[in-house]
Amino acid sequence: MEPLTLDDLDRQLAHALQVDGRVSFSRAAAVLGASDRTLARRYHRLRSAGALRVVGLPYAAALGHVDWLVRMRCTPDAAVPVATALARRADTSWVSIMSGGTEISCITRTRRPAEEGELLLQRLPRTSRITSVSAHCILRAVAGVNGWPGRTAALTPEQVAALHPAPATPPPGRVTLTTADNDLLAMLAMDGRATYPALAAATGWSETTVRRRLEELRRTDILYFDVEIEPELFGYSAEAMLWLTVAPSALTEVTRALASHPQIAYATAVTGPAGIAASVICRNLDELYDYLANAVGALPGVASAETVPLVRRVKGAGTLLVA
C-alpha cells in the first residue's frame, strides 16, 4: 500500500476542521470551492486511515477541573506497557514516549483544583521500573490554543472568517452537567463529528435536543473541537517537548514570543522549576537545532532549556473525564 500523502485540498480540509470541527461538508465546500461529496470522501479517507480525527472536548476550567502535565522517567522496557496503561485511562490525554524510551509524558485531569500532587500520583501506574515522577499543574495555555500553525496555514483569512462558528458567550457561573451531558461529551471525545442520530442514541435525547445542547455548550465556551493529524503528513518529522526555565518577570514576554513561533504546536505555563512547557514541531533535526539556537536562544529571561525528543505518541486528545 502506498504511503498516505496530503494534497492542497486535504490540507484545506484539515484547516477548515480546525476552524470548526463540526462544519458541514456543504458549508465547507462553498468556502473551499469543492463539492460536498468530494470533501466527505476526503474526510472519510483520512479518518479511516487513522491520519485525521476530530474530537470534541470540554475546557477544564469551565467545569472546575485542573489539568496536570506529568513526567515519568523509567527503564526502557517499561515505557510501552506503562504508556499503554496510561492511555487506557479516561482522565489522560497526549500520552507520549520520549527521550529514546526512557521517559513518558502525559496530561491528566483532576476534578478538584486543590488536589495535591501526592494524591494525583497515587493513581498512576506503580512499578519499580519507574524511576521518578513529577506533576506540574497547567496554569495557562499560552500558545497553540487555536491549532498548530503547520496544519492551519492552508486557508486565507477570508476563508477562515467564513467558516468560523459564532463567538462564545461565557456562562454566568459554574456549569453543572447532567448524566446525558456526560454521555454526549464522552461520545464527542471519541468522534467529534459523530452524527446527530448517533448522539441522540447515546444520550436518550431527541436529535433536536442534541443539536440545541451541543450548540449551547459551544456557545458558552464549554466545548471545543480539535483535530488530531500526524505532523509527518505535512513534512514535519522532528517533535520534542521543551522545558524552559524562565524568570517570573519574563514569563509574559517569553510566552508572547512563543505564541508567534510557527514551530510551537502548544505551550503552557506550569508549576515547577521550568515555568514553561512547550511542544515543538520542526521539519527535521537541523531545523530543530536552528530553532533552539536562534529563536529560543534569543529570548530574554530564559535561563535554561531542556529538549526531550518525542519517540512515539500513544494517545492524543480525547480525555473522557467530564463531571
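Residues numbered from 1 in each chain as written. Predicted model: local features only at pLDDT ≥ 70, side-chain atom pairs only at ≥ 80, totals over all residues. Heavy atoms only, no water.

### Focus on the sheet that holds strand 4 (residues 103-110)
Ordered by their spatial adjacency, eight strands build a closed barrel running 2-4-3-10-7-9-8-5, and the pairing between neighbours is antiparallel. When the angles between neighbouring strand axes are averaged without regard to direction, this sheet yields 35°. Where strand 7 (residues 238-246) meets strand 10 (residues 302-315), seven bridges bridge the pair, whose relative direction is antiparallel. Each bridged residue has a counterpart across the sheet, and for W243 the counterpart in strand 10 is E306. Taken strand by strand, helix 4 (residues 79-87) contacts strand 2 (66-74), strand 3 (92-98), strand 4, strand 5 (130-143) and strand 10, and its axis lies near 170° from that of strand 3. (Pairing = 2+ DSSP bridges. Helix = DSSP H or I, 4+ residues; strand = E, 2+ residues; numbered from the N terminus. Axes fitted to C-alpha atoms, helices over the stretch in contact; angles between N-to-C directions. Contact = heavy atoms within 4.5 Å.)

### Examining the pairing of strand 9 (residues 275-282)
Most of strand 9 is tucked away, with eight of its eight residues classed as buried. Note: strand 8 (residues 264-270) against strand 9, five bridges, orientation antiparallel. Bridging from a neighbouring strand, I264 pairs with V280 of strand 9. Once strand 8 ends, the chain turns through four residues before running back antiparallel as strand 9, passing G272 with a positive phi of about 110°. (Buried < 20%, exposed > 50% of the residue type's maximum accessible area, 1.4 Å probe, protein only.)

### A look at the packing of helix 2 (residues 25-32) against helix 3 (residues 36-48)
For the pair helix 2 and helix 3, interaxial distance at closest approach is 8 Å and the crossing angle is 110°. As judged from the angle between their axes, helix 2 and helix 3 are roughly perpendicular. Residues F25, S26, A28, A29 and L32 of helix 2 form the contact with helix 3, whose participating residues are D36, L39, A40 and Y43. When grouped by side-chain class, the residues that make up the contact of helix 2 with helix 3 number seven nonpolar, one polar and one charged. (Parallel < 35°, antiparallel > 145°, perpendicular 65-115°, else oblique. Nonpolar A, V, L, I, M, F, W, Y, C, P; charged D, E, K, R; others polar.)

### What about helix 11 (residues 285-296)?
Those residues of helix 11 not exposed but buried are L288, Y291 and V296. Around the axis of helix 11, the buried residues are gathered within 60° of arc, so they sit on the same side. The exposed set on the far side of helix 11, more than 90 degrees from its buried face, consists of D286, Y289 and N294. Of the surrounding elements, those touching the buried residues of helix 11 are strand 7, helix 10 (251-258), strand 8, strand 9 and strand 10. Where helix 11 begins, the side chain of N284 points an oxygen toward the backbone nitrogen of D286, at a separation of 3.2 Å. (Arc of directions from axis to C-beta. Polar contact = N/O pair within 3.5 Å; in protein donor to acceptor, adjacent residues only side chain to side chain.)

### Topic: the nonpolar core
Within the largest apolar cluster, 47 residues are counted, with the highest numbers of intra-cluster contacts made by L17, L39, L52, L163, L199 and F234. The greatest single-element share of this core, amounting to six residues, is contributed by helix 1 (residues 8-19). Leaving out residues up to four positions away in the same chain, L39 has contacts with L9, L13, F25, A28, A29, L32 and A34. Counting residues in hydrophobic clusters, the runner-up holds 21 residues, among them L258, A278, C282 and Y291. (Core = buried A, V, L, I, M, F, W, Y, C linked by side-chain atoms within 4.5 Å.)

### Remarks on the pattern of salt bridges
Enumeration over the complete set of coordinates arrives at 17 salt bridges. Measuring nitrogen to oxygen at the nearest pair gives 3.0 Å for the salt bridge that ties R71 to E306. You can see R71 sitting in strand 2 and its partner E306 sitting in strand 10, a full 235 residues away along the chain. Note on E306: relative accessible area 32%, which makes it partly exposed. When the shortest N-O distance is used, the salt bridge between R313 and E239 registers 2.4 Å. Here R313 is found in strand 10, whereas its partner E239 is found in strand 7, with 74 residues between them in sequence. A residue is classified by how much of its surface remains accessible, and R313, at 26% relative accessible area, is partly exposed. Members of the salt-bridge network, linked through shared partners, are D7, D10, R42 and R45. (Salt bridge = Lys/Arg side-chain N within 4 Å of Asp/Glu carboxyl O.)

### Observations concerning unusual backbone geometry
For W94, which is not a glycine, the phi torsion comes out positive at approximately 50°. Tracing the backbone shows W94 in strand 3.

### Observations regarding the UniProt feature "domain: HTH asnC-type" (unreviewed entry) in the protein
The positions that UniProt labels "domain: HTH asnC-type" (unreviewed entry) are, in the present scheme, residues 6-47 and 181-218. In the segment residues 181-218, helix accounts for 79% and strand for 0%; the C-alpha atoms at its two ends are 13 Å apart. (UniProt positions renumbered as here; feature names shortened; annotations may be inferred.)

### With respect to the side chain of H15
Its location among the elements puts H15 in helix 1. Given a relative accessible area of 6%, H15 falls into the buried group. Excluding residues that lie within four positions of it along the chain, H15 makes contacts with R151, T152, A153, A154, L155 and V160.

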